[in-house]
Amino acid sequence: MVQVFKFLLKSTKTHTRAHFRSNFLDTLRLTVRGGHGGNGLPKYGGVGGQGGCVYFVAKEGLTLRKVAQNLKDKRVQATSGEDSSKVSIYGRRGMDQRIEVPLGVQLYDEQQQKLLADLNEHDASCIVAGGGTGGCIGNNFIGRPGQSRTIQLDLKLIADVGLVGFPNAGKSTLLKAISNAKPKIAAYPFTTIRPQIGTVEYADLRSISIADLPGLIEGAHANFGMGHKFLKHIERTRLLLFMVDIFGFQLSPRHSHRDCLSNIYALNKELELYDPELLEKPCVLLLNKMDREGAKELLSNLKPFLKDLNSSLSACPDELRPKRVIQFKHILPISAKNSARISEVKQNLRATLDDLAEQQLVTDPKVLKDQLQQRVGVIGPKIT
């Protein structure tokens, strides 16, 4: 009878739709503890072994989802140091716990609200919980407990291009057209509920990565909706790709309709309020849905203002007006469903990234020599 009752209860449970069962995880909370130091031996002056430590190492090809699956109880503890004894006066050190995490992870101490490390390079490592010292004459031969912390792992995607825009602007359609990603596409807002990464391949085997972020809303900078969860992923991108609907955007019947220019100002302000340094990144603007009737007339009216956004800033509503206007390197009218225009976007993105790389390339022989001397240091041969 009990088994029948359990079966009936199980049958009434509603399962989450597959689209909402996200495999993407960008935040993980762990409790870490270093090993306890071993006790000393006062009679012989023996010293206990130090407790093991817990440290994280960044590795390519990993995800936070895999880390969470390997650590189901979300607790990591290193082993304790060995007690001193007659056989072994110096106790052996405890075993360390090595946890591999994906590139781009930032480690935060929840209690102190402090950034511990930013693991954005392969094999970068950080000790997050040190082991306790072994017992000796300085601590009455009593081993000390290891360090205990609650750590938050915050993943920020590393991509060449960050795709930014309001809901239903056509970002997912564009990503599917130019890359190998397969995002969900539908005729309603918020079809993208988690970041997507796509890789754009070129004939000469060059490739660039594009991060498609779910649609932003006003107040995203203050973490309204899922603002910080998405905005943080554009911090590591090299190029921002703004995408707006040429016909404007209306979030819902309760909200007023905004034209294309107002949407550009609104996106500008959200990024400015979240992190003003984002406005320093090179930007490209895409005006989507140019295949629809009346789009060309709208574009001809907008062109003078798009070339100089400061010219119409005074007419922008106060709630949407940014303090500093973003400067676009290129403005491309496109249709995400038109393959000819999509090819132009691919080539433009590559050319912009190549120009950016050339600007950052150091060609001054004196500067190169100084950089090499800093890398070689006192260990290697001298550069003359």
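Conventions and cut-offs
Residue numbers run consecutively from 1 along every chain, following the written order of its sequence. Residues qualify for local features only when their pLDDT is at least 70, as the model is predicted, and side-chain atom pairs are given and counted only at 80 or more; totals for whole chains, interfaces and linings, by contrast, use all residues. Calculated side-chain values reflect all of the structure's heavy atoms, with hydrogen atoms and water omitted. UniProt positions are given in the numbering used here, feature names are shortened, and annotations may be inferred rather than shown by experiment. Definitions used for this entry: grid spacing 1 Å over protein atoms alone; cavity, a set of points where a 1.4 Å probe fits but cannot get out; pocket, an open set with protein on both sides within 12 Å along at least 5 of 7 lines; lining residue, one with an atom within 4 Å of a point. Grid points are joined across faces, edges and corners, and a volume is the space filled by probe spheres set on the points. Strands here are runs of E lasting at least two residues and helices are runs of H or I lasting at least four, both read from the DSSP assignment and numbered beginning at the N terminus. For this classification, Asp, Glu, Lys and Arg are treated as charged, while Ala, Val, Leu, Ile, Met, Phe, Trp, Tyr, Cys and Pro are nonpolar and the rest, including Gly, are polar. Between the first and last residue of a helix there are one fewer steps than residues, each counted as 1.5 Å, and that sum is the expected span. Bend angle per residue: angle between axes fitted to the 7 residues ending at that residue and the 7 residues starting there. Residue exposure (1.4 Å probe, protein chains only): buried if accessible area is under 20% of the type maximum, exposed if over 50%, otherwise partly exposed. Contacts were defined at the residue level, with two residues in contact if any of their heavy atoms lie within 4.5 Å. Only Phe, Tyr and Trp rings are paired, with Trp represented by its six-membered ring, and only when their centres lie within 6.5 Å; those with planes under 30 degrees apart are stacked, over 60 edge-to-face, the remainder tilted. Our definition puts a charge over a ring when NZ of Lys or CZ of Arg is within 6 Å of the ring centre and also within 35 degrees of the ring normal. Counted as a polar contact is a pair of N or O atoms within 3.5 Å, where, for protein atoms, one must be capable of donating a hydrogen and the other of accepting one, and residues adjacent in sequence contribute only when both atoms are in side chains. To define axes, lines are fitted to C-alpha atoms, for helices over the stretch in contact only, and angles between the resulting N-to-C directions are given on a 0 to 180 degree scale. Roughly parallel means an angle under 35 degrees; roughly antiparallel means over 145; roughly perpendicular covers 65 to 115; every other angle is labelled oblique. What counts as a salt bridge is simple: a side-chain nitrogen of Lys or Arg found within 4 Å of a carboxyl oxygen of Asp or Glu. Buried Ala, Val, Leu, Ile, Met, Phe, Trp, Tyr and Cys residues form a nonpolar core when they are joined through side-chain atoms within 4.5 Å. Strand pairing requires that DSSP identify at least two bridges connecting the strands.

Looking at an unreviewed UniProt entry, one finds the protein chain named GTP-binding protein 10 homolog and attributed to Drosophila hydei. Note on the protein chain: under the UniProt heading Subcellular location (unreviewed entry), the record states "Nucleus, Nucleolus". Under the UniProt heading Sequence similarities (unreviewed entry), the note attached to the protein chain is "Belongs to the TRAFAC class OBG-HflX-like GTPase superfamily. OBG GTPase family."

### Describing empty space enclosed by the protein
Take a probe with the size of a water molecule and roll it over the atoms, and the empty space left behind shows itself. A full pass over the atoms with the stated rule returns one cavity of 30 Å³ or more. Space inside the largest cavity adds up to approximately 60 Å³. Lining the largest cavity, in full, are Phe166, Pro167, Asn168, Ala169, Met243, Val244, Asp245, Gly248, Phe249 and Asn263. A total of three residues in the lining of the largest cavity trace back to one element, the largest contributor, which is strand E12 (residues 239-245). In the lining of the largest cavity, the residues fall into six nonpolar, three polar and one charged.

### Details of helix H6 (residues 295-307)
In this model, H6 (13 residues) spans 18 Å end to end at C-alpha, consistent with the 18 Å of a helix rising 1.5 Å per residue. Maximum bend of H6: about 40 degrees, positioned at Asn301, with proline Pro304 one to four residues after it. Of all the positions in H6, only Ala295, Leu299, Leu302 and Leu306 are classed as buried. The inward-facing, buried residues of H6 contact helix H5 (260-274), strand E13 (283-288) and strand E14 (328-333).

### Digging into the packing of aromatic side chains
Following the criterion strictly, the structure yields two aromatic pairs and no others. Between Phe166 and Phe249, the aromatic rings sit 5.7 Å apart at their centres with planes inclined by 5 degrees, giving stacked as the arrangement. With Phe166 in the loop between strand E9 (161-164) and helix H3 (171-178) and Phe249 in the loop between E12 and H5, this residue pair connects regions lying 83 residues apart in the sequence. Each member of the pair, Phe166 as well as Phe249, carries the same accessibility label: buried. Over the ring of Phe247 we find Arg292, and its NZ or CZ is 4.4 Å from the ring centre. Its guanidinium or amino end placed over the ring of Tyr202, Lys346 lies 5.7 Å from that ring's centre, counting from NZ or CZ.

### Concerning the side chain of Ser84
Take Ser84: it is sitting in the loop between strand E3 (75-77) and strand E4 (97-102). Among the polar contacts listed, one links the side chain of Ser84 to the backbone oxygen of Ile89, at a separation of 2.6 Å. Ignoring anything within four residues of it in the chain, the contact list for Ser84 reads Asn39, Gly40, Leu41, Gly46, Val47, Gly48, Ile89 and Gly91.

### Comments concerning the packing of H5 against H6
At their nearest, the axes of H5 and H6 sit 10 Å apart, and the two run at 25 degrees to each other. When the axis of H5 is compared with that of H6, the two are roughly parallel. Of the residues in H6, those touching H5 at Cys260, Leu261 and Ile264 are Leu302, Phe305 and Leu306. Its residues assigned to classes, the contact of H5 with H6 shows six nonpolar, no polar and no charged.

### Things to note about the pattern of salt bridges
A full pass over the atoms with the stated rule returns 13 salt bridges. Salt-bridge contacts for Arg29 lead to Glu110; the nearest nitrogen and oxygen are separated by 2.9 Å. You can see Arg29 sitting in strand E1 (residues 27-33) and its partner Glu110 sitting in the loop between strand E5 (105-109) and strand E6 (114-119), a full 81 residues away along the chain. Assessed through its relative accessible area of 24%, Glu110 is described here as partly exposed. The partner of Arg238 in a salt bridge is Asp160, with the nearest N and O atoms 3.4 Å apart. In this pair, Arg238 is assigned in the loop between helix H4 (227-231) and E12 and Asp160 in the loop between strand E8 (148-155) and E9, connecting sequence segments 78 residues apart. Classification of Arg238 as partly exposed rests on a relative accessible area of 29%. On the basis of relative accessibility, which here comes to 16%, the residue Asp160 falls in the buried class.

### As for the nonpolar core
Note that soluble globular proteins tend to have their nonpolar side chains buried in a common cluster. Within the largest apolar cluster, 35 residues are counted, with the highest numbers of intra-cluster contacts made by Phe242 and Leu309. Broken down by secondary-structure element, the contributors of at least two residues to this core are E12, H5, E13 and H6. Ranked by residue count, the leading element in this core is H5, at eight residues. If near-sequence neighbours (up to four positions away) are discounted, Leu309 is found in contact with Leu261, Ile264, Tyr265, Val325, Ile326 and Phe328. In terms of nonpolar packing, the next biggest core, distinct from the first, is built from 25 residues, Ala68, Ile99, Leu119 and Ile151 among them.

### Quick look at unusual backbone geometry
Despite not being glycine, Phe141 has its phi angle at roughly 65 degrees, a positive value. The residue Phe141 is located in the loop between strand E7 (125-129) and E8 in this model. In this structure Phe141 comes out as buried when scored by relative accessible area, which is 16%.

### A look at the environment of Gly294
In this structure, Gly294 sits in the loop between E13 and H6. Each C-alpha atom of the pair Gly294 and Phe247 lies 8.9 Å from the other, and the pair is 47 residues apart in sequence.

### A few points about the sheet that holds E3
Judged by pairing direction, the sheet is mixed, and its five strands sit side by side in the order E3-E1-E8-E5-E6 without closing on themselves. At either margin of the open sheet sits one strand with a lone partner, and together these are E3 and E6. Between one strand axis and the next, the sheet turns by 25 degrees as a mean value, whatever way the strands run. In the sheet, E1 pairs with E3 via three bridges, with the strands oriented parallel. Opposite Val32, over in E3, you have Val76 as the bridge partner.

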